[in-house]
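Understanding the architecture of this molecule
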Amino acid sequence: MDPSELERIKKRIPSGWEIVSPEEIPVLEKTFHFTSYRSAVEFVNALAAIAEKMDHHPDLILRYNTVKVEVTTHSKKAITELDLSFVEKTEEVFLAL
């Protein structure tokens, strides 16, 4: 992705999200913290339902009371509007828990 496009995306993403580039493909990433394992699992399940509805599937890494969300559009090897939409929905779910 073009560096200026990445800068534009950085300005649009909510607090706590980062752009990382493992294997040269940019990924939006954030780790969420919960008070219990059960709360973290509920968050993962809510995101899984959203992912299925959007037909856009992030990597969700669950570790006891934390969940790391990594999202990119693999087919485009880039961050797209679909990723940004998923990020917004992720924030909404987190705030609702």
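Residues numbered from 1 in each chain as written. Predicted model: local features only at pLDDT ≥ 70, side-chain atom pairs only at ≥ 80, totals over all residues. Heavy atoms only, no water.

Brief notes about the sheet that holds strand β3 (residues 59–63)
Spelled out, the test is: By this definition, two strands are paired if DSSP reports at least two bridges between them. In DSSP terms, a helix is any run of H or I states spanning at least four residues, a strand is any run of E spanning at least two, and both are numbered starting from the N terminus. To get an axis, a line is fitted to the C-alpha atoms, and for a helix only the part in contact is used. The angle between two axes follows their N-to-C directions and goes from 0 to 180 degrees. Contact criterion: two residues are considered in contact whenever any of their non-hydrogen atoms come within 4.5 Å of each other.
One open sheet holds the four strands; their spatial order is β1-β2-β4-β3, and the pairing between them is antiparallel. Pairing within the sheet leaves two strands with one partner each, and these edge strands are β1 (18–20) and β3. Taking the axes of each pair of neighbouring strands and ignoring which way they run, one obtains an average angle of 25° across the sheet. Pairing geometry for strand β2 (residues 27–33) and strand β4 (residues 66–71), over six bridges, is antiparallel. The partner of Thr31 across the bridge, within β4, is Lys68. Those strands touched by helix α3 (residues 81–96) are β2 and β4, and its axis lies near 5° from that of β2.

Quick word on the pairing of β3
Where β3 and β4 come together, five bridges link them in antiparallel fashion. Residue pairing across strands places Leu62 opposite Val67, the latter belonging to β4. The hairpin turn running from β3 into β4, its antiparallel successor, is two residues long, and Tyr64 in that turn takes a positive phi close to 40°.

By themselves, these figures tell us nothing about what the structure is for.
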